[in-house]
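Summary of structural features
Each chain, written out:
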Amino acid sequence: MKTVRPKKNLGQHFLVDLNIAKAIADTVDSCPDIPVLEVGPGMGVLTQYLIEKPRPLRVVEIDKESVAYLKEHFPQLEQQIIGDDFLRMDLSALFEGQPFVLTGNYPYDISSQIFFKMLDYKDYIPCCTGMIQHEVAQRIASQPGNKAYGILSVMIQAWYDVEYLFMVDEHVFNPPPKVKSAVIRMTRNNVEHLGCDERLFRTVVKTVFNQRRKMLRVSLRQLFTKGTVAPDFFENEMMTMRPEQLTIPQFVELTNLVAQQMEMTGKT
């Protein structure tokens, strides 16, 4: 088997620049001494550098052709190649409950889903690095007040410190994507609990950003039965703000306000 054919339905764009591949692989060095899980290794352009590092490495690849290629070209990894859908895996059992670094050249069309899964397993993933679409990287790293600031920004930055490392041009891929890419690193912060109902926090963040041009007093109404909310709830000064203006502590405060109101109205 010489090469793997890139498959459009899997969003495959194989990186061919080895200098960039090594630079991406080296981003895991900021979180040393723990195993690494690479998502979507393809033909192993990152794998060849990750395998040199003195730590356990496993790779997960959904494409059967790529799995066969990896087994042929990386025989020392054969028992560590997982032919499965990352989004359906139980990550807690991967390294016998040990924490690990998540990395990869992530498929553009599922990168957001990958990071939401990372959040579900944040206690196992102290560091996540890799390459994604440039615009998604901007959203993840964006601060309040910017147009790119949104659901991903808030949900990830609540638990991780985000570094936008460098941009990658289209011409270093086969086939070239129609957009630029970027490499980011997310390192788990010291937050153990947000100080609010974390499930409701996610609901509130998604609800208000789904109507990001509206003031909070408008977008939040859909969380309540009409006529059940105390009149002064929407008179809070924060309710005149739009979601992109709120910091994460303010989202926590907002979630607690919503929780209190739900308790008063009997909605759980």
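Structure's up top.
Now for a description of the structure that goes with this document. Throughout, a residue's number is its position along its own chain's written sequence, starting from 1. Under the rules for a predicted model, residues below a pLDDT of 70 receive no local features and side-chain atom pairs below 80 are neither given nor counted, while totals for whole chains, interfaces and linings still include all residues. Hydrogens and waters are ignored; side-chain quantities use all the structure's heavy atoms.

**Details of the state of the cysteines**
Here is the idea: a disulfide is a covalent bond, and it sits between the sulfur atoms of two cysteines. What counts as a disulfide here is a pair of cysteine sulfur atoms lying within 2.5 Å. Enumeration over the complete set of coordinates arrives at zero disulfides. Just so you know, Cys127 is unpaired, no disulfide at all, and the nearest cysteine sulfur is the one on Cys31, 4.7 Å from it. Only protein chains enter the accessibility calculation, which uses a 1.4 Å probe; a residue is then buried when its area is under 20% of its type maximum, exposed when over 50%, and partly exposed in between. Judged by its relative accessible area of 0%, Cys127 falls in the buried class.

**Notes on the sheet that holds strand E9 (residues 181-188)**
By this definition, two strands are paired if DSSP reports at least two bridges between them. Secondary structure counts use DSSP, requiring at least four H or I residues in a row for a helix and at least two E residues in a row for a strand, with both numbered from the N terminus. Taken together, the seven strands give an open sheet; going across it, the order is E4-E3-E2-E5-E6-E9-E7, and neighbouring strands pair in mixed fashion. Of all the strands in the sheet, the pair left with one neighbour each is strand E4 (81-82) and strand E7 (160-168). A contact between two residues is defined here by any heavy atoms of the two lying within 4.5 Å. For helices, the axis comes from a line fit to the C-alpha atoms of the stretch in contact; other axes are also lines fit to C-alpha atoms, and the angle between any two N-to-C directions lies between 0 and 180 degrees. Its contacts with the sheet put helix H4 (residues 111-120) on strand E2 (36-39), strand E5 (101-104), strand E6 (127-133), E7 and E9, and the angle it makes with E6 is roughly 165 degrees. Running over the sheet, helix H5 (residues 134-141) touches E6, E7 and E9 and is turned about 135 degrees from E6.

**Some thoughts on the packing of aromatic side chains**
Geometry of aromatic contacts follows a simple scheme: Phe, Tyr and Trp rings, the Trp one being its six-membered ring, pair when their centres are within 6.5 Å, and the pair is stacked under 30 degrees between planes, edge-to-face over 60, tilted otherwise. Using the criterion set out here, one finds seven aromatic pairs in the structure. A centroid spacing of 5.5 Å and a plane angle of 45 degrees characterise the contact between Phe95 and Phe100, whose relative ring orientation is tilted. The two residues Phe95 and Phe100 agree in class, both being buried. Residues Phe233 and Phe234 carry aromatic rings whose centres are separated by 4.9 Å and whose planes lie at 75 degrees to one another, so their mutual orientation is edge-to-face.

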